[in-house]
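Next come the chains, spelled out residue by residue.
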Amino acid sequence: MSHPRPERSLTLPDDGTVSPADLAETLSTTLSADLTDGLPSGLHDPVWPDFGDNDEAARRAVAAVAAMLGRPIPERPRDPRSSSEWLSRQWDVEESALVNVSRDMSRTLQRLHGYALQRWVERHQDDVAVFGPGGAPQRAALDLGNGTSVSVPAVATVLFPARSAYKTPVAVEVAYRYGTPTVTAFTPPGGLALAERVLADLTRTLEDEHPYRGGVLSARASTGAVELTPVKHTVQVRDDVVLPAELWREVDLFCSSVTTRRDALRALGHTTSRGLLLAGKPGVGKTKLTRVIATELAGPLTVVLVTAEVLRTWMTELYEEIRGLGPCLVVLEEIDSVASKGSRGDTSFAEFLDALDGTRSSDDVLTLATTNDPEALDPAVKRPGRFDTIIEVPPPDLAGRTEILRLFLPPRSPVDVGLVASYLDGATGADLREVARRSILEHGPDGLSTARVTDVATSGRWKPAPVAGNYL
Ligand SMILES: Nc1ncnc2c1ncn2[C@@H]1O[C@H](COP(=O)(O)OP(=O)(O)O)[C@@H](O)[C@H]1O
Ligand SMILES: [Mg+2]
């Protein structure tokens, strides 16, 4: 049945004289006709005139008048304030009967789940509905490194109607609960197992399509959690670093555990995780070597460079955080800061050992650590099983020193590098780099000769030690 819609205007005499009775009469007719008559009963959304800027106040005034006239206007439903209120309306169920399963996570992990959620949205573009607080879902940029980022839902609830994967409608929310980043799955009543499955599926989507996989990441501590961020990594190759051949063989063996020998290990029931500790005095090239390995493994593996702060306090969280990244190379530099004899008894020390042990039982995590002072390390760290291999990175021998000098002096310099190197017994790669640099600074790149470089090398001027003297 349809009703003719009456004229929607309210005419008052323009001489300003209108009796209250007339006004009431006019309003009554207009309001009842315009707002409540002609609407199917039960419809809670009357067609309101447009009151412009004064919308809210005008509506309240009109509603008050209508109530006085005995024709109360059904209350306009307000916008939902929360995702559960929104969902309860969408699904027409009591808010308290909604099922939700929520997971607290680090900000990075939450944002990454936002990335996975975005993937789902793209797959169901046409039939998802999105809710955000104040009516607007919030988005944030997920940094992918190399200057690129993607936009992902940051505070939003996405409703997926019943579709093939789930026969029931479900919703996923990324939000903050009391400040903690969370991801929540909602279902209509009775869907507890489904809600759990939805969260697990979302995590699987993240793991399958992880935007950080194969990259080089830095693990930093940030507001009480580990934050992974892609970093720019300078390519370093084996030719850039001069090390004994046995050392390269150990490095190859270490890497093969998750590359060439991985399947064989697995087939025989072995874990593929492995730990290699490089020990050697400062300047022998340990850091440089880790960067070469990082360059070689990035791609098939995700490389995680761990900062000192994470090393001290967040190791458990770190290994949690990298689950789902696939095979990883975790680089722990200068572990003496947490694992020296003096730190025994510290919680960070215990946690560090626990975290190392934890990786043993998992697969596909290569842990590459360095220490400047293997003597200072607590024996617990060196116990078999924590690191599979501990190798000493020695200062270069004569041949090594010769090669390193050649690396750092201008090509084709008329310098007998072998002779210069023979005066530098015990010097590290970093020392040799400084001898070369100092020579170039003193004599210019074209002014180098065997005598001049030998003079720099034997004078000790390249050493950073302060000039000694009786100036007290
Ligand atoms: N074996 C080496 N071959 C080539 N360069 C070296 C070597 N050892 C050190 N260097 C030079 O010295 C710099 C500092 O070395 P680094 O790797 O930081 O030493 P470590 O981490 O053992 O203290 C390197 O970036 C590199 O330029
Ligand atoms: Mg170093």
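As the structure is a prediction and not an experimental result, all values here were calculated from the model. Chains are numbered independently. Their residues run from 1 in the order of the written sequence. Labels follow written order: the first chain is A, the first ligand is 1, and so on. Confidence filtering applies because this is a predicted model: local features only for residues at pLDDT of at least 70, side-chain atom pairs given and counted only at 80 or more, and all residues used for totals across whole chains, interfaces and linings. Side-chain measures here rest on the full set of heavy atoms in the structure, leaving out hydrogens and waters.

Asks: What is the right way to look at the overall build of the protein chain in this model?
Replies: When helices and strands are tallied, the protein chain shows 17 helices and 13 strands. Contacts were defined at the residue level, with two residues in contact if any of their heavy atoms lie within 4.5 Å. Counting contacts in the protein chain only where the partners sit at least 6 residues apart, residues at least 24 apart contribute 69% of the total. Surface summary for the protein chain: the accessible area is close to 24700 Å², and the carbon and sulfur share equals 52%. Strands are runs of DSSP state E lasting at least two residues, helices are runs of H or I lasting at least four, and both sets are numbered from the N terminus onward. Per-residue and other accessible areas were derived by the Shrake-Rupley procedure at a 1.4 Å probe size, with only the shown protein chains allowed to occlude residues.

Asks: Help me understand the nonpolar core in this model?
Replies: Across soluble globular proteins, nonpolar side chains show a tendency to be buried alongside one another. Counting residues in hydrophobic clusters, the biggest one holds 60 residues, and the most contacted among them are Leu318, Leu332, Ile335 and Phe352. Ranked by residues supplied to this core, first place goes to helix H4 (residues 107-123) with seven residues. The residues that make up this core include at least three from each of domain 2 (83-211) and domain 3 (228-392). Ignoring any residue separated from it by four or fewer positions in sequence, one finds leucine 332 in contact with Val306, Leu311, Met315, Tyr319, Phe352, Leu356, Thr367, Leu368, Ala369 and Thr370. Listed in part, the 26 residues of the second largest apolar core include Trp248, Leu297, Val331 and Leu366. Grouping buried Ala, Val, Leu, Ile, Met, Phe, Trp, Tyr and Cys residues that are joined through side-chain atoms within 4.5 Å yields what is termed a nonpolar core. Classification of residues uses two cut-offs on accessible area relative to the type maximum, computed with a 1.4 Å probe and protein chains only: under 20% is buried, over 50% is exposed, and between them is partly exposed. Delimitation of the domains relies on an automatic or database domain assignment.

Asks: I tried to follow the sheet that holds strand E10 (residues 302-306) on my own but got confused; where do I start?
Replies: Where strands meet in a sheet, backbone hydrogen bonds hold them as pairs that are either parallel or antiparallel. Only when DSSP finds a minimum of two bridges between them are two strands counted as paired. Taken in spatial order, the seven strands of this open sheet run E8-E7-E10-E11-E12-E9-E13, and their pairing is mixed. Of all the strands in the sheet, just strand E8 (225-230) and strand E13 (389-392) have a single pairing partner and so form its edges. Strand-to-strand, the axes of this sheet are offset by a mean angle of 20 degrees, without reference to chain direction. Where strand E9 (residues 274-279) lies against E13, four bridges are found, and the strand directions are parallel. In the strand pairing of E13, alanine 279 is matched with glutamate 392. Axis definition: a line fitted to C-alpha atoms, limited for helices to the stretch in contact. Angles are taken between N-to-C directions and run from 0 to 180 degrees.

Asks: For this particular structure, what's the right way to read helix H2 (residues 55-68)?
Replies: Side chains that are three or four residues apart share a direction in an α-helix, a result of its 3.6 residues per turn. In this analysis, the expected span of each helix is defined as 1.5 Å times one less than the number of residues it contains. Taking 1.5 Å as the rise per residue, H2 with 14 residues should run 20 Å; its terminal C-alpha atoms sit 20 Å apart, in good agreement. Among the residues of H2, those classed as buried are Ala58, Arg59, Val62 and Ala66. When H2 is viewed along its axis, its buried side chains cluster within an angular range of 100 degrees and face the same direction. Residues of H2 that are exposed and point more than 90 degrees away from the buried face comprise Arg60 and Met68. An arc is given here, and it is the one of the directions from the helix axis to the C-beta atoms.

Asks: Explain unusual backbone geometry here, please?
Replies: Among all residues except glycine, the phi angle is most often negative; among peptide bonds, the trans geometry is most common. Non-glycine residue glutamate 334 carries a positive phi angle of around 50 degrees. Residue placement: glutamate 334 occurs in the loop between strand E11 (328-332) and helix H11 (336-339). By relative accessible area, glutamate 334 is classed as partly exposed at 40%. At arginine 412, a residue that is not glycine, the phi angle is positive and equals roughly 60 degrees. Relative to the helices and strands, arginine 412 resides in the loop between helix H14 (398-408) and helix H15 (417-422).

Asks: When you look at the pairing of E8 in this model, what are you seeing that I'm missing?
Replies: When a strand is regular, its side chains alternate between the sheet's two faces. Within E8, five of the six residues are buried, which leaves it mostly tucked inside the rest of the structure. In sequence, strand E7 (residues 216-222) turns back onto E8 through a hairpin of two residues, with threonine 223 there showing a positive phi of about 35 degrees.

Asks: What should I look at first to understand the site of ligand 1 in this one?
Replies: Only heavy atoms are used to decide nearness, and a residue is near a molecule or strand if one of them lies within 4 Å of it. Around ligand 1 lies a shell of 18 residues, among which Val242, Gly283, Lys286, Thr287 and Lys288 are the nearest. N or O atoms closer than or at 3.5 Å make up a polar contact, with two conditions inside protein: a donor-capable atom paired with an acceptor-capable one, and, for residues adjacent in sequence, both atoms drawn from side chains. Within the side chain of threonine 287, a nitrogen or oxygen atom sits 2.7 Å from an oxygen atom of ligand 1. Expressed as a share of its isolated accessible area of 550 Å², the protein-covered part of ligand 1 is 87%. Contributing elements (two or more residues each) for the shell around ligand 1: helix H8 (286-297), H14 and helix H16 (429-443). Asp, Glu, Lys and Arg are counted as charged, while Ala, Val, Leu, Ile, Met, Phe, Trp, Tyr, Cys and Pro are counted as nonpolar; the rest, among them Gly, fall into the polar class. Looking at side-chain class alone, the shell around ligand 1 contains nine nonpolar, four polar and five charged residues.

Asks: Just to check I follow, could you spell out the packing of aromatic side chains for this structure?
Replies: One pair of aromatic rings is described through two measures. These are the centre distance and the angle between the planes. Any Phe, Tyr or Trp ring, taking Trp's six-membered ring, that has another such ring centre within 6.5 Å forms a pair; planes under 30 degrees apart are called stacked, those over 60 apart edge-to-face, and the others tilted. Within the structure shown, the criterion is met by three aromatic pairs. Pairing tryptophan 86 with phenylalanine 131 gives two aromatic rings, centres 5.3 Å apart and planes at 20 degrees, and the pair type is stacked. In this pair, tryptophan 86 is assigned in helix H3 (residues 83-91) and phenylalanine 131 in strand E2 (residues 129-131), connecting sequence segments 45 residues apart. When its relative accessible area of 8% is taken as the criterion, tryptophan 86 is described as buried.

Asks: What's the story with the pattern of salt bridges in this structure? I'm lost.
Replies: Oppositely charged side chains can form a pair if their charged atoms are brought close together. Put simply, a salt bridge is a Lys or Arg side-chain nitrogen that is within 4 Å of an Asp or Glu carboxyl oxygen. Under the criterion given, the structure shown has 21 salt bridges. Where glutamate 209 meets arginine 119, a salt bridge forms, and the shortest distance between an N and an O atom there is 3.9 Å. Residue glutamate 209 is found in the loop between helix H5 (192-208) and E7, and its partner arginine 119 is found in helix H4; the two are separated by 90 residues along the sequence. Close ionic contact of aspartate 455 with arginine 461 constitutes a salt bridge, the shortest N to O distance being 2.9 Å. Overlapping salt bridges, with partners in common, bring together Arg262, Asp263, Arg266, Asp363 and Asp364 in one network.

Asks: For this particular structure, what's the right way to read H4?
Replies: Between its first and last C-alpha, H4 extends 24 Å over 17 residues, near the 24 Å set by a 1.5 Å rise per residue. With respect to burial, H4 is a largely interior element, 13 of its 17 residues being buried.

Asks: I keep staring at the packing of helix H6 (residues 245-256) against H8 and nothing clicks. Help me out?
Replies: In a packed pair of helices, the relevant descriptors are the angle between the two axes and the axis-to-axis distance. At a minimum axis separation of 12 Å, H6 and H8 run at an interaxial angle of 40 degrees. The orientation of H6 relative to H8 falls into the category oblique. At the point where H6 passes H8, the crossing takes the right-handed sense. Contacts from Leu247, Trp248, Val251 and Cys255 of H6 reach H8 at Leu289, Val292, Ile293 and Leu297. Angular relationships are summarised with four words: roughly parallel below 35 degrees, roughly antiparallel beyond 145, roughly perpendicular across 65 to 115, and oblique for the angles in between. Here is the rule for handedness: rotate from the far helix to the near one, and if that takes an anticlockwise turn smaller than a right angle the crossing is left-handed, while a clockwise turn gives right-handed.

Asks: It is not clear to me how the packing of H16 against helix H17 (residues 450-459) should be interpreted in this structure. Could you clarify?
Replies: At a minimum axis separation of 9 Å, H16 and H17 run at an interaxial angle of 125 degrees. Considering their axes alone, H16 and H17 lie oblique with respect to each other. In this structure, H16 meets H17 at a crossing whose hand is right-handed. On H17, the residues that touch Val435, Arg438, Ser439, Glu442 and His443 of H16 are Arg452, Val453, Val456 and Ala457. Its residues assigned to classes, the contact of H16 with H17 shows four nonpolar, two polar and three charged.

Function cannot be inferred from these measures alone, as they are strictly geometric.
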